Amino acid sequence: MFFQSWSDFINMGGYGFYVWLSYGISLVAMIILAIQSVKGRKAVLKEVLREQQREARLNQANKGNTL
């Protein structure tokens, strides 16, 4: 599509509000998804580390009981 000016580009033939609103909503949704993914990854890694530490403590306790 070819526009004569920046104003025409922003107006999008009278549908500018809906076009830019849809772009804005999509951008916000992608940002929220990225933030949730990062937080979820951190939570999973924290849980894995906690489980590994628990298993190490249990293994040490078992070694002490078998001697």
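Residues numbered from 1 in each chain as written. Predicted model: local features only at pLDDT ≥ 70, side-chain atom pairs only at ≥ 80, totals over all residues. Heavy atoms only, no water.

## Some remarks on the UniProt feature "transmembrane region" (unreviewed entry) in the protein chain
The positions UniProt marks with the feature "transmembrane region" (unreviewed entry) are residues 15-35. With 95% helix and 0% strand, residues 15-35 has its two end C-alpha atoms placed 31 Å apart. (UniProt positions renumbered as here; feature names shortened; annotations may be inferred. Helix = DSSP H or I, 4+ residues; strand = E, 2+ residues; numbered from the N terminus.)

## Overview of the packing of aromatic side chains
Per the stated rule, a full pass over the model turns up five aromatic pairs. Relative to Tyr23, the ring of Trp20 lies with its centre 5.6 Å away and its plane at 35°, an arrangement referred to as tilted. Of this pair, Trp20 and Tyr23 both sit in helix H2 (residues 16-66), three residues apart, which is roughly one turn of the helix. The exposure class of Trp20 is partly exposed, given its relative accessible area of 34%. Since its relative accessible area comes to 54%, Tyr23 is described here as exposed. (Phe/Tyr/Trp six-rings, centres within 6.5 Å; stacked < 30°, edge-to-face > 60°. Buried < 20%, exposed > 50% of the residue type's maximum accessible area, 1.4 Å probe, protein only.)

## Notes on the pattern of salt bridges
All told, the structure shown has one salt bridge when counted by the stated rule. With a shortest N-O distance of 2.8 Å, Glu47 and Arg50 are connected by a salt bridge. Pair noted here: Glu47 and Arg50 are both in helix H2, with a separation of three residues, about one helical turn. We classify Glu47 as partly exposed; its relative accessible area is 37%. Accessibility expressed as a relative area gives 46% for Arg50, which makes it partly exposed. (Salt bridge = Lys/Arg side-chain N within 4 Å of Asp/Glu carboxyl O.)

## With respect to a nonpolar patch on the surface
Taken together, the side chains of Tyr15, Phe17, Tyr18, Leu21 and Ile25 present a nonpolar region at the surface, about 630 Å² in accessible area. Checked against the element boundaries, Tyr15 lands in the loop between helix H1 (6-11) and H2. (Patch = residues over 30% accessible without salt bridge, like charges linked within 9 Å, V, L, I, M, F, W, Y side chains within 5 Å. Areas by Shrake-Rupley, 256 points an atom, 1.4 Å probe, with all protein chains shown as cover.)

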